[in-house]
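# Inside the fold
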Amino acid sequence: MTARASNIEDLNPDITSEKLRADLRAVMTDAEDLLHYSAVQTGEVAGAARVKLQENLKAARERLIAAETALLDKTREAARATDLYVHENPWKSIGVATSIGVIVGMLIARR
């Protein structure tokens, strides 16, 4: 069993990297707008930009927390699966580790 996630979509299909990028872009755009409006004028326009920035920042933060949680869960699952495999197949694990060590040693020696 391989519990490896190649990208964020593998972790949680509801949280895609594109959604996170869009949220972060929106937060950055809103922050720039807020800076612009606060430098040019105050009042309703700056207040509305501030509220929009806070909403987008909250949404981005929630998605990042959800992605982090999913990543931690998958990492724990992978660690448990690896531990179980090593305990059930110690000689195979030693053979694989030795083979990887030899290959890495050969590659380092070539340099």
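Above this text you will find the structure in question.
Here the structure is a predicted model, which means the values were calculated and not measured.

Criteria and thresholds
- Residues numbered from 1 in each chain as written.
- Predicted model: local features only at pLDDT ≥ 70, side-chain atom pairs only at ≥ 80, totals over all residues.
- Heavy atoms only, no water.
- Helix = DSSP H or I, 4+ residues; strand = E, 2+ residues; numbered from the N terminus.
- Buried < 20%, exposed > 50% of the residue type's maximum accessible area, 1.4 Å probe, protein only.
- Contact = heavy atoms within 4.5 Å.
- Areas by Shrake-Rupley, 256 points an atom, 1.4 Å probe, with all protein chains shown as cover.
- Core = buried A, V, L, I, M, F, W, Y, C linked by side-chain atoms within 4.5 Å.
- Salt bridge = Lys/Arg side-chain N within 4 Å of Asp/Glu carboxyl O.

## Points about the overall build of the protein chain
When you go through the protein chain residue by residue, the secondary structure sums to 4 helices and 0 strands. When the helices and strands of the protein chain are read in sequence order from the N terminus, they spell out α-α-α-α. Going through the 111 residues of the protein chain one by one, you find that 18% of them count as buried. Taking the intrachain contacts of the protein chain between residues at least 6 apart in sequence as the baseline, contacts between residues at least 24 apart amount to 57%. Accessible area of the protein chain: about 8700 Å², with a carbon and sulfur share of 60%.

## Structural notes on the nonpolar core
Grouped together as the largest cluster of nonpolar side chains are 5 residues: Val-27, Leu-34, Ala-49, Leu-53 and Ala-60. Listing elements by their share of this core, those giving two or more residues are α2 (17–40) and α3 (44–88). At 3 residues, the largest contribution of residues to this core is made by α3.

## Describing the pattern of salt bridges
Scanning the model with the defined rule gives 1 salt bridge in all. With a shortest N-O distance of 3.6 Å, Asp-73 and Arg-76 are connected by a salt bridge. In this pair, Asp-73 and Arg-76 both sit in helix α3, 3 residues apart, roughly one turn of the helix. The exposure class of Asp-73 is partly exposed, given its relative accessible area of 42%. Residue classification places Arg-76 among the partly exposed positions, given a relative accessible area of 44%.

## A look at the environment of Leu-34
In this structure, Leu-34 sits in helix α2. The sequence separation of Leu-34 and Ala-48 amounts to 14 residues, and the corresponding C-alpha distance is 8.8 Å.

None of the figures reported here should be taken as evidence of function without further support.
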